[in-house]
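Letter by letter, the chains look like this.
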Amino acid sequence: MKRFGWQTAPLAIVVLAFGFSAFSSSAQAQQGKPDGGFSGFVSVLLGVAEVESQFQTDDDNRINTSLSSSGESSTVFAPAVPFELAYMVSDWNTQFYAGIPVENLREGAFFQWEAGARYWLADNTRLSASLVAPNLIVDETWSDPFLLNAPRSKTDIDSLGFKLRADNIAGTHWGLRYEFQNKEIDNEQSGQSRGLVPSQLRLLERDANLHRVTATYAWPLGDGWWLRPALRYELADADGDSNSYNALRPEVGFFYGTPSYDLSIDLSYESRWFDEDNPIFGRARDDSTYRVTAAFGYKQPFGWEHFRFDVIGSFAYGDSDIDFYDNQLFYVGSGLTYTF
C-alpha cells in the first residue's frame, strides 16, 4: 500500500477509517461490561482512493515543479486488516486488549495499534489506558518536500504515545479522551534545497509533540437512530515554530440501525492555525479540512453468523491559504468483518 505523510493527516486512511467504524461506534459506546474470556474482531477491507497531496509519497508525485501546486493526483489501492483481541477478567472488572479498537477507526487512526487495559466502575463508567504505536506499519513523508525539478527522497516517520479515556461517564452518554504522541522525522531536510539560513531551516523542522483532547456524546434518538456530536482540540508543539499549531475539529455523526442492516453519515470540519510564518512562503498557514463519509452495513450476509459486509464512500477536501498544502481525496471501498 502507498502511504501518506503526516502533515496532511494521512487522508486516505483518515477518511476510510472515519466511515468504517461509524456503523458501530454509537451503539457499541453504550454497551456495558463484556462477559469473561476472549472477544474481538477481524476485518478485511479493500478500497481505492484518488489522492491529491504534496505529501503523498507516490512515485508519480516524486518530482515537483511548483511551490504553488498541491501535487499530482494519483490512484491508490488501499487494503487493510484491522483487528482487536481482548481478554476479560470478570472478577477484576478489567479487560486487557491489543490491536486497533473500533473507537480508533471512527477517528481515522486506522493503523494506530494499542496495547492496554479497560476497567469498569460500579456506575458503568469505562476507564481505559494504553500505549500507542501508530507506526508498526511505517508512515512516510518527503525528506525535503520543497525540492523542485528533481526526485524527492522518502523518509520514515517514527512515533510513540499513550492514551487515557473515559466512556459512559457516570452512566451517561458522555466520553472524554486525552492523547499524547511524539513524532520524529528520520531524515529531516525541509528547506535545505531553498538556500535558507540556519534560523529559517529551524522554523521548518517537523519533529513534534501532539496533544489531543476529545469530548463526545452519543445521543439515542429512538427507533434505531443515534446522533453523535464530538469536539476535538489539538496542540502540536513542533521543533519548528512554523509547524506548531492549534486546531479545533467539531464533528457530527448520524446512525440508523435495524436487526439486518444499518446506515450512517459522518460530517466534520477542522480548522488549524499555525504559530509562525513559513520562511519559504513568507506567511503563517491557516488550514481548513472538510470531510463527509457515508456507510452501509449488511449483517449476516448469506446467513453467516458473526459476519457483516460494509460499503463505504468518502470525500475529504483540505483548503490552505498556502496552495502547496491544499489536498483532496475521494475513497470508495468495501469489507467483511468477523466478530467473536
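Residues numbered from 1 in each chain as written. Predicted model: local features only at pLDDT ≥ 70, side-chain atom pairs only at ≥ 80, totals over all residues. Heavy atoms only, no water.

### With respect to the overall build of the protein chain
Moving on, step 1. Helices and strands together make up the secondary structure of the protein chain, namely four helices and 17 strands.
Moving on, step 2. A sequence separation of at least 24 residues applies to 63% of the contacts in the protein chain between residues at least 6 apart. (Helix = DSSP H or I, 4+ residues; strand = E, 2+ residues; numbered from the N terminus. Contact = heavy atoms within 4.5 Å.)

### Some remarks on the confidence of the model for the protein chain
Moving on, step 1. On average, the protein chain scores 87 in pLDDT, and the residues at 70 or more come to 87%.
Moving on, step 2. Segment residues 1-30 is flagged for pLDDT under 50; beyond a separation of four residues in sequence, or across chains, it makes 121 contacts in the model. (pLDDT = per-residue confidence, 0-100.)

### Here we look at the side chain of T57
Moving on, step 1. Inspection of the secondary structure assignment puts T57 in the loop between β1 (37-52) and β2 (73-77).
Moving on, step 2. T57 gets classed as buried once you look at its relative accessible area, which sits at 3%.
Moving on, step 3. A distance of 3.5 Å separates the side chain of T57 from the side chain of E140, its partner in a polar contact. (Buried < 20%, exposed > 50% of the residue type's maximum accessible area, 1.4 Å probe, protein only. Polar contact = N/O pair within 3.5 Å; in protein donor to acceptor, adjacent residues only side chain to side chain.)

### Concerning the pattern of salt bridges
Moving on, step 1. Applying the stated criterion across every chain, the model contains 16 salt bridges.
Moving on, step 2. Put simply, R249 and E251 hold a salt bridge, and the shortest N to O gap is 3.0 Å.
Moving on, step 3. Owing to a relative accessible area of 3%, R249 belongs among the buried residues under this scheme.
Moving on, step 4. Using a relative accessible area of 8% as the deciding quantity, one classes E251 as buried.
Moving on, step 5. When the shortest N-O distance is used, the salt bridge between R272 and E270 registers 3.1 Å. (Salt bridge = Lys/Arg side-chain N within 4 Å of Asp/Glu carboxyl O.)

### Considering unusual backbone geometry
Moving on, step 1. One non-glycine residue, N168, adopts positive backbone phi at about 50°.
Moving on, step 2. The topology assignment puts N168 in the loop between β8 (154-167) and β9 (174-185).
Moving on, step 3. N168 gets classed as buried once you look at its relative accessible area, which sits at 5%.
Moving on, step 4. Its identity as a non-glycine residue notwithstanding, D223 has a phi of 55°, on the positive side.
Moving on, step 5. By secondary structure assignment, the location of D223 is in the loop between β11 (219-222) and β12 (225-238).

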